Amino acid sequence: MLFRSDDDVQVRLEDQSHINQFGRLNNRLHDLEDDLKAKSSEHELLDDAANEIILADDEDPVRFAFGECYYEVTKDQAEELLETKKEKIAGEMAALEEELGTVRGTLADLKAKLYGRFGKNINLEE
């Protein structure tokens, strides 16, 4: 956010509050986007693991990671565990996308208010 001194515009406490809120929400937007990208990557890895399990023999145990430990499970158990993890990640991604939508809407409202008040004297673009 950058103020230009072309026109002398008085910054009120309410305006400063909106500017601060915009900055915090903009940072939150970037954090949410990073979190969503990480969850999406994790979901893709789980898809890849599910495809690998399909190729495994039914009789051979499958090594499944739990934190930093591995334990052996049957192919069916591994498929169930992966499906549970994928559903959990998908739910987390949906929650992140919902919050992203809310943050973007609030940012758009604040941007409109601030540009309406300051015009070209403020820059809210990335």
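Structure shown above.
A look at the pattern of salt bridges
Here comes step 1: Counted according to the given criterion, the structure contains nine salt bridges.
Here comes step 2: With a closest N to O distance of 3.1 Å, Asp15 and Arg12 form a salt bridge.
Here comes step 3: Residue Asp15 is classed as buried on the basis of its relative accessible area of 2%.
Here comes step 4: For Glu33, the salt bridge identified is with Arg104, shortest N-O distance 3.1 Å. Placement of Glu33 in helix α1 (residues 13–55) and of Arg104 in helix α2 (residues 75–118) is noted, with a sequence separation of 71 residues between them.
Here comes step 5: Residue classification places Arg104 among the partly exposed positions, given a relative accessible area of 43%.
Here comes step 6: Sharing partners across several salt bridges, the network here consists of Arg12, Asp15 and Arg117.

As for the nonpolar core
Here comes step 1: Ranked by size, the top nonpolar core spans 25 residues in total, and within it Phe22, Ala78, Leu82, Val103, Leu107, Leu114 and Ile122 carry the most contacts.
Here comes step 2: Counting only elements with at least two residues in this core, the list comes to α1, β2 (62–66) and α2.
Here comes step 3: Take this core: its biggest share by element is eleven residues, from α2.
Here comes step 4: Those residues within four positions of Val103 in sequence are excluded, and the remaining contacts are Leu25, Arg28, Leu29 and Leu32.

Regarding α2
Here comes step 1: End to end, α2 covers 62 Å across 44 residues, agreeing with the expected 64 Å (1.5 Å per residue, within 8%).
Here comes step 2: Just past α2, the residue Gly119 takes up positive phi, approximately 60°.

Quick word on the pairing of β2
Here comes step 1: Note: β2 against strand β3 (residues 69–73), five bridges, orientation antiparallel. Bridged to Ala65 within β3 is Tyr70.
Here comes step 2: What sits between the antiparallel neighbours β2 and β3 is a turn of two residues, in which Gly67 has the positive phi angle 70°.

A short note on the packing of aromatic side chains
Here comes step 1: Going through the model one piece at a time under the given rule, you end up with one aromatic pair.
Here comes step 2: Here the aromatic rings of Phe64 and Tyr71 are separated by 6.0 Å at their centres, their planes lie at 55°, and the arrangement is tilted.
Here comes step 3: For Phe64, a relative accessible area of 8% corresponds to the buried category.
Here comes step 4: A relative accessible area of 31% places Tyr71 in the partly exposed class.
Here comes step 5: Directly above the ring of Tyr70 sits Arg63, whose terminal nitrogen or CZ lies 5.1 Å from the centroid.

Basis of the calculations
Residues numbered from 1 in each chain as written. Predicted model: local features only at pLDDT ≥ 70, side-chain atom pairs only at ≥ 80, totals over all residues. Heavy atoms only, no water. Salt bridge = Lys/Arg side-chain N within 4 Å of Asp/Glu carboxyl O. Buried < 20%, exposed > 50% of the residue type's maximum accessible area, 1.4 Å probe, protein only. Helix = DSSP H or I, 4+ residues; strand = E, 2+ residues; numbered from the N terminus. Core = buried A, V, L, I, M, F, W, Y, C linked by side-chain atoms within 4.5 Å. Contact = heavy atoms within 4.5 Å. Expected span 1.5 Å × (residues − 1). Pairing = 2+ DSSP bridges. Phe/Tyr/Trp six-rings, centres within 6.5 Å; stacked < 30°, edge-to-face > 60°. Lys NZ or Arg CZ within 6 Å of the ring centre and 35° of its normal.

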